[in-house]
Amino acid sequence: MQVPLIVAVSLALVATYVVKQVLAFWARLDKDSSEGLQLQIEDPSSVKPLLCPSIWGTATKRLTIVVPAYNEEDRLPATLDETLAYLQRRRNKEGPAFTYEVIIVDDGSKDGTAAVAMGFVKQHGVDAVRLLRLPYNCGKGRAVREGMLAARGELCLMMDADGATRVSDMELLEAAIQEVAVASWGKGRHLTSYARAQLPDTAGPLAVAVGSRAHLEKAALAKRSKLRNFLMHGFHFLVTFVAGHAVADTQCGFKMFTRRAAAVMYTNQRLQRWCFDVELLYLAATLGVPVKEVQVGSRQRALLVCMNASRCVA
């Protein structure tokens, strides 16, 4: 009888330790997500920086593109050149009603990423291109979150700095947004203790459009090692367990949100690095935000395709 008793006591102690560690982990997440960084928009034409606008305020632009960047001085220029040229073409075609901004969020880069971004701010003006600098490397999830919370657009697009997806594919996401958007619920909902999550929502519809390269998976599988394929399938199993089957490709860095969806989802986001994309989809399901997955293309200059599970560790 003594052996079963010892085993039971040992299991109880292990379970207690695990529960304590899990609770401590979630407490740290809540603390990290609510930590205010007091970010400012850098304006090269003034000695005084601009205060960040709030996603809870009224939209003053049609579109916001948030580009998180960590040590991207080499790839960022081509991506920004293509993006700004496309946006200008759309403005020429659609007229002055099509207004936009590009927010580059420098996630504590150790190279010349900030200097590259500032060059585009000087060239295009601080109203069209904005630079947010995080004081240290906080993680891609935090970088995207800070950019979204400072967005002025009616539509908010998250786009990777490597230019893996053609920026013109955003039109596919815009069409999907219009297809699935639903009226908002009126009063703010919140899942965390973060103060801003308790503010009332801004007016506007709810919808998310997710770029996907799941249709390219067969070609990618043929080129990868068995170990990478095994790890990818394991990651997909965990994603399905947490977020369900609604989205096949959670890791593609090309996602569009209505302003209201961005406000309620990014305010509630806790994960700063690992798998924040999965958390966003979980929040969408929890908050009743409709999600539409849209096929987008892939380009050779991207080092990794989105189906690679290692993209989650950014």
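All figures in this text were calculated on a predicted structure; none of them were measured in a lab.

**Some points on the overall build of the protein chain**
Phase 1 of the analysis: In terms of helices and strands, the protein chain carries nine helices and nine strands.
Phase 2 of the analysis: Split into buried and exposed, the 314 residues of the protein chain put 49% on the buried side.
Phase 3 of the analysis: By sequence separation, contacts in the protein chain at least 24 residues apart represent 83% of the contacts at least 6 residues apart.

**As for the packing of helix H8 (residues 259-268) against helix H9 (residues 276-287)**
Phase 1 of the analysis: Two numbers describe how H8 lies on H9: the axes approach to 10 Å, and their chain directions differ by 120°. Compared by their axis directions, H8 and H9 come out oblique. Remark: the crossing between H8 and H9 carries right-handed chirality. Here Val-264, Met-265, Tyr-266 and Asn-268 of H8 come into contact with H9, specifically with Glu-279, Leu-280, Leu-283, Ala-284 and Leu-287.
Phase 2 of the analysis: When the residues that make up the contact of H8 with H9 are grouped by side-chain class, the tally is seven nonpolar, one polar and one charged.

**A short note on the nonpolar core**
Phase 1 of the analysis: Counting residues in each nonpolar core, the largest one holds 76 residues, and the members touching the most others are Ile-65, Leu-87, Met-170 and Met-265.
Phase 2 of the analysis: The contacts of Met-265, once residues within four sequence positions are left out, are Val-208, Phe-257, Leu-280, Leu-283, Ala-284, Leu-287 and Val-289.

**Overview of the packing of helix H4 (residues 140-149) against H8**
Between two packed helices, what matters for the description is the angle formed by their axes and the separation of those axes.
Phase 1 of the analysis: Their axes nearest at 10 Å, the elements H4 and H8 cross at an angle of 140°. On the basis of the axis angle, H4 is oblique to H8. Considering only the axes of H4 and H8, their crossing is left-handed. Touching Val-144, Arg-145, Met-148 and Leu-149 of H4 are Ala-262, Tyr-266 and Thr-267, all from H8.

**Quick look at the sheet that holds strand E3 (residues 61-69)**
Phase 1 of the analysis: Across the sheet, which stays open at both edges, the seven strands sit in the order E5-E4-E3-E6-E8-E7-E9 with mixed pairing between neighbours. Each edge of the sheet is formed by a strand with only one pairing partner; in this case those strands are strand E5 (129-133) and strand E9 (291-295). Strand-to-strand, the axes of this sheet are offset by a mean angle of 20°, without reference to chain direction.
Phase 2 of the analysis: Strand direction decides the pairing type here: E3 and strand E6 (residues 153-159), joined by five bridges, are parallel. For Val-66, the partnering residue across the bridge sits in E6 and is Met-158.
Phase 3 of the analysis: Packed on one face of the sheet, H8 meets E6, strand E7 (208-212) and strand E8 (254-258) and runs near 105° to E8.

Thresholds applied
Residues numbered from 1 in each chain as written. Predicted model: local features only at pLDDT ≥ 70, side-chain atom pairs only at ≥ 80, totals over all residues. Heavy atoms only, no water. Helix = DSSP H or I, 4+ residues; strand = E, 2+ residues; numbered from the N terminus. Buried < 20%, exposed > 50% of the residue type's maximum accessible area, 1.4 Å probe, protein only. Contact = heavy atoms within 4.5 Å. Axes fitted to C-alpha atoms, helices over the stretch in contact; angles between N-to-C directions. Parallel < 35°, antiparallel > 145°, perpendicular 65-115°, else oblique. Left-handed = near helix turned anticlockwise from the far one by under 90°. Nonpolar A, V, L, I, M, F, W, Y, C, P; charged D, E, K, R; others polar. Core = buried A, V, L, I, M, F, W, Y, C linked by side-chain atoms within 4.5 Å. Pairing = 2+ DSSP bridges.

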